[in-house]
Amino acid sequence: MRMSPTIFERFGLGLLALLFWLSTPVQAESCETVRAAQSSPQISVHCGGAPSAVFDADGHLWVAFVLDKHVYVTRSSDEGASFAEPVQVNAEPEDAEFNGENRPKIVVAPDGTVMLSWTTKTSSQFTGEIRFSRSVDGGRSFETPRTINDDGLHTGHRFDSLFLTESGKLYLTWIDKRDMEATLARDEAYPGAAIYYTVSSDMGASFMPNVRVSHNSCECCRIAVAPHGKDNVAILWRQIFDDHIRDHAIAVLSPQGLVSELSRATVDDWYIDACPHHGPSMVAADEPGQYHMSWFSAGNLHAGIHYARYDLGADMPADLIKVDGTPGAGHPSLALHDGTLYLVWKGFDGMSTPLQLMQSQDDGRSWSAAQTLMSTSQGSDHPLLITSPRGVFLSWYSEEFGYVFKELSND
Amino acid sequence: MIDAALPRLVLGAVLSLVAVQGVHADNIQDFGPQTFAQIKSQHAGKPFIVSLWSVDCAPCRVELDMLGKLKQADADFPLVVISSDSIDKREEAVDILQGYGLDGVPTWMFADTFVERLRFSIDPQWYGELPRSYFFAPDHSMKAHSGILTADKLAEFFPY
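What counts, and where the lines are drawn
- Residues numbered from 1 in each chain as written.
- Chains lettered and ligands numbered in written order.
- Predicted model: local features only at pLDDT ≥ 70, side-chain atom pairs only at ≥ 80, totals over all residues.
- Heavy atoms only, no water.
- Helix = DSSP H or I, 4+ residues; strand = E, 2+ residues; numbered from the N terminus.
- Rg over C-alpha atoms; globule rule 2.2 N^0.38 Å.
- Buried < 20%, exposed > 50% of the residue type's maximum accessible area, 1.4 Å probe, protein only.
- Contact = heavy atoms within 4.5 Å.
- Buried area = accessible area lost by both parts, 1.4 Å probe.
- Salt bridge = Lys/Arg side-chain N within 4 Å of Asp/Glu carboxyl O.
- Polar contact = N/O pair within 3.5 Å; in protein donor to acceptor, adjacent residues only side chain to side chain.
- 1 Å grid on protein atoms, 1.4 Å probe; cavity = no way out; pocket = protein on both sides within 12 Å on 5 of 7 lines; lining within 4 Å.
- Points joined across faces, edges and corners; volume = space filled by probe spheres on them.
- Nonpolar A, V, L, I, M, F, W, Y, C, P; charged D, E, K, R; others polar.
- Pairing = 2+ DSSP bridges.
- Disulfide = S-S within 2.5 Å.
- pLDDT = per-residue confidence, 0-100.

Caption draft 1: Structural detail: the overall build of chain A. Counting secondary structure elements, chain A contains three helices and 27 strands. Relative to a compact globule of 411 residues, whose C-alpha radius of gyration would be 22 Å, chain A shows 20 Å and is just as compact. Every one of the 411 residues in chain A was classed for burial, and the buried ones make up 62%. When contacts within chain A are restricted to residue pairs at least 6 apart in sequence, those whose partners lie at least 24 apart make up 50%.

See below:
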């Protein structure tokens, strides 16, 4: 990691802000506290599984989570200090998945349409369906969930990601096993699964037919999505190269169903026939066609959490660094706001899980030293970074603190 | 007298066994922060194999299939099977283990939500990828393997 004095000086203010942040008590409360304060168990964001969060155009925070086979949505008008009564999305209970790599996703369009996707498990044989619901009355009620995979097969459709472009194209991507089933039926080998996607151009009223992005993806890692121009997106996922190497691929998708040729975004040489359950994070850099990526690998070339900036034009990564090589460290999340790049991840020191943050002011060419934001010695979810026009926020669920939503930037 | 008392004693023993195990009539045990040290001391001076899996891991099923056949051929094979799923998923795990003939042997499931600490208690160098297996020699020197364990690899790593 390179650090010049000027960079360090520029971080001085940021450090002060961080110290202030650390000295502010965490307002969130654990599920245990919430339940103890009520006569009966309560539906609360502090008790929900695998929450995800987004800001709407008016600066309201929306959080989706899973509790007892239902997806819920709750809203906050004070950036997470307090939350409104959660609204149930699916009236009929379903086995909605909620873990680090599989969580309900939520986006809110500028017109106020609230849209959600999640994966519902349909058996213990890795089968599932990609589900979608939306609210057109400002989150007061939700439409009956629909299944978005259009093959009608009882097979794997899981690990969904949802993304809305500036131009209003809603992308839904996921890991799909329809091609694997068809290939195995012919007694041929099919390493891994496939990546599929669809797009809605009318805020989730309808979706185009499912389109395949790639054969032979890894089966169990979340897909990262970032904008590419106004209409397109770039996606980053763990792909199987040469039948046994599980590194990352990047491709550009269009709302017409056109898929660019995939590029190998990371060369870690991770030879493994196993499930890492460890997907990447990606945000678009200010320079068009460039992407900040952070990922995990235990490859021969790179082991641990890494960062690099990928240039689609040059077709190669730049400024690759090892962020944290400690076993147990993982699940990075990136955000870019006002020229500052934020990278948060979970460390592990043998006794507790520190949430680590580092920042870059020069597009990932140099980084601040890692700072510990919070630490817990109980169970916790992956940390997520949420961006608004105002700044960057940490969204994190842990048993000890419940759901924490806190600003990291101070501008 | 003795004849009459015996069925009652047997019934009493069965009832207390049920009480100890709660409502779960399976062979799955809680895996906590101290469990791995206990497993090692139970195998003091003896070689054994550890196989880590989860219900959500497709490649793990290939390995469980191989291990199930091995266990059926040799009931004394020193195999320790641990699922990194929460023990809340025990019914799903039992269903899967049944399919490989492994429901009759004691196995463990993570019984603490602080999974990072449980993983660390098994092996500080493990990143959490599955399947993962360990080969302990009689002196408990250890080799680790990530990815599907094949019969060939097992023979190579575990010549006991």
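Caption draft 2: Region of interest: the interface of chain B and chain A. Each partner contributes to the interface: chain B provides 23 residues, whereas chain A provides 34 residues. Summed over both sides, the interface between chain B and chain A buries roughly 2200 Å², with carbon and sulfur atoms accounting for 57% of that surface. Sorting the residues of chain B by area buried against chain A places B:Asp56, B:Phe114 and B:Tyr127 first, and these three jointly supply 34% of that buried surface. Residue A:Lys121 is joined to B:Glu92 by a salt bridge in which the shortest nitrogen-to-oxygen separation is 3.0 Å. Where chain B meets chain A, there are seven residue pairs in polar contact (both at pLDDT 80 or more). Only α3 (58–73), α4 (90–99) and α5 (115–122) of chain B provide two or more residues apiece to the side of chain B that touches chain A.

Caption draft 3: Structural detail: empty space enclosed by the protein. On inspection of all chains with the given rule, the structure shows three cavities of 30 Å³ or more. The calculated volume of the largest cavity comes to roughly 70 Å³. Contributing to the lining of the largest cavity are A:Phe126, A:Gly156, A:His157, A:Arg158, A:Phe159, A:Ile175, A:Lys177, A:Glu219, A:Cys220, A:Cys275, B:Asp56 and B:Ala58. When residues of the lining of the largest cavity are assigned to their parent elements, the largest contribution, three residues, is made by strand β9 (residues 157–164) of chain A. Looking at the lining of the largest cavity, its residues break down into six nonpolar, two polar and four charged.

Caption draft 4: Examining the sheet that holds strand β4 (residues 87–88) of chain A more closely. All names here are of chain A. Spatial ordering of the open sheet is given by β1-β2-β3-β4, a layout of four strands whose pairing is antiparallel. The two strands at the open ends of the sheet, each matched to only one other strand, are β1 (49–55) and β4. Of the strand pairs in this sheet, β1 and strand β2 (residues 61–67) are connected by five bridges, and their pairing is antiparallel. Residue Phe55 lies in a different strand from β2, and its bridge partner there is Leu61.

Caption draft 5: Here's a closer look at the state of the cysteines. Tallied over the entire structure, the rule returns two disulfides over all chains. Here A:Cys31 connects covalently by a disulfide to A:Cys47, the sulfurs 2.2 Å from one another. Classification of the bridge connecting A:Cys31 and A:Cys47 rests on its S-S torsion, roughly 100°, and on that basis the disulfide is right-handed. With A:Cys31 in helix α2 (residues 31–36) and A:Cys47 in the loop between α2 and β1, the pair connects residues that are 16 residues apart, well separated along the chain. The disulfide partner of B:Cys57 is B:Cys60, and the gap between their sulfur atoms is 2.1 Å. Judged by the sign of its S-S torsion, about 90°, the bond between B:Cys57 and B:Cys60 is right-handed. Given the relative accessible area of 0%, B:Cys57 is considered buried. Using a relative accessible area of 1% as the deciding quantity, one classes B:Cys60 as buried. We note that A:Cys218 lacks a disulfide partner, and the nearest cysteine sulfur, in A:Cys221, lies 4.3 Å from it.

Caption draft 6: Molecular detail of the side chain of A:Arg103. All names here are of chain A. Mapped onto the fold, Arg103 is located in the loop between β4 and β5 (105–108). A distance of 3.2 Å separates a polar atom in the side chain of Arg103 from the backbone oxygen of Gly100. If we skip the residues at most four places from it in the chain, Arg103 touches Ala50, Pro51, Ser52, Glu97, Ser117, Asp160, Asp381, His382 and Leu384.

Caption draft 7: Broad picture of the confidence of the model for chain B. On average, residues of chain B score 88 in pLDDT, and 86% of them are at 70 or above. Between residues 1–21 of chain B, whose pLDDT stays under 50, and residues either more than four places distant or in other chains, the model counts one contact.

Caption draft 8: View of the pattern of salt bridges. Going through the model one piece at a time under the given rule, you end up with 28 salt bridges over all chains. Put simply, B:Glu116 and A:Lys346 hold a salt bridge, and the shortest N to O gap is 2.8 Å. Of the two residues, B:Glu116 is situated in helix α5 and A:Lys346 in strand β22 (residues 340–346); the pairing between them involves two chains. The burial state of B:Glu116 is the same as that of A:Lys346; both residues are buried. In this structure, the salt-bridge partner of B:Asp65 is B:Lys69, at a minimum N-O distance of 3.2 Å. Highlighted residues: B:Asp65 and B:Lys69, both in helix α3, separated by four residues, approximately one helical turn. On the basis of relative accessible area, B:Lys69 is assigned to the exposed category, the value being 52%. Linked by salt bridges that have partners in common, A:Asp150, A:Asp151, A:Asp176 and A:Arg178 make up one network.

Caption draft 9: Looking closely at the environment of A:Pro86. Residues and elements named next belong to chain A. Relative to the elements of secondary structure, Pro86 occurs in the loop between β3 (70–76) and β4. Residue class for Pro86 comes out buried when judged on its relative accessible area of 17%. It is 7.0 Å that separates the C-alpha atoms of Pro86 and Ser44, two residues lying 42 residues apart in sequence. Beyond its immediate stretch of four places on either side in the chain, Pro86 contacts Ile43, Phe65, Tyr72, Val73 and Thr74.

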